[in-house]
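Descriptive structure summary
Each chain is listed here by its residues.
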Amino acid sequence: MSAPTSHEVTGGRDAATGDPAASATTGRPAATFDAAEAWQLNPKVALRPEPFGALLYHFGTRKLSFLKNLTVVGIVESLRDHDSADDALAAAGIDAAQRPLYVQALDALAASEMICRRAA
């Protein structure tokens, strides 16, 4: 199994502020990922499954990301069905040794606004 990866194709800096951690749509810092919270695929994001994983396209920021791990794709697709990202990771069978890699991948997706917090 390969390590989960997410790769952005377009620029990583917010055009308005020049801040690499700022949201391109709001200028505020992007969401800090907390696995104990409920998350979902951002409604402004389209996920297209591919043989290698998936393409994510954000219609607001116009960022394109590649998910090169089918397990990450499954977790992202299942976030909406779980009370927390922790629950989604557990349902996907992610053990304690693998967990940091998957949390890192979800953190990157939150920072790029591909996933967002879900109202309880």
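Our subject is the structure that appears above.
Before going into details, it helps to say that this report is about the structure given with it. (Residues numbered from 1 in each chain as written. Predicted model: local features only at pLDDT ≥ 70, side-chain atom pairs only at ≥ 80, totals over all residues. Heavy atoms only, no water.)

Digging into the pairing of strand β4 (residues 53–58)
- For β4, the buried fraction is high: 5 of the 6 residues fall into the buried class.
- In this sheet, β4 lies alongside strand β3 (residues 45–50) in antiparallel orientation, the contact comprising 6 bridges. Bridging from a neighbouring strand, L47 pairs with L56 of β4.
- Between the end of β3 and the start of β4, which pair antiparallel, lie 2 residues.
- Where β4 lies against strand β5 (residues 64–67), 4 bridges are found, and the strand directions are antiparallel. When the sheet's bridge partners are listed, A54 is paired in β5 with L67. (Buried < 20%, exposed > 50% of the residue type's maximum accessible area, 1.4 Å probe, protein only. Helix = DSSP H or I, 4+ residues; strand = E, 2+ residues; numbered from the N terminus. Pairing = 2+ DSSP bridges.)

A word on the pattern of salt bridges
- Counting across every chain of the model gives 3 salt bridges.
- Put simply, E37 and R117 hold a salt bridge, and the shortest N to O gap is 2.3 Å. Here R117 lies in strand β6 (residues 115–117) and E37 lies in the loop between β1 (6–8) and β2 (39–41), a separation of 80 residues in the sequence.
- According to the relative accessible area criterion, E37 is partly exposed, its value standing at 27%.
- Among the salt bridges present, the one from R99 reaches D86, with a minimum N-O distance of 2.0 Å. Linking R99 in helix α3 (residues 99–111) with D86 in helix α2 (residues 85–91), this pair joins segments that are 13 residues apart in sequence.
- When its relative accessible area of 31% is taken as the criterion, R99 is described as partly exposed. (Salt bridge = Lys/Arg side-chain N within 4 Å of Asp/Glu carboxyl O.)

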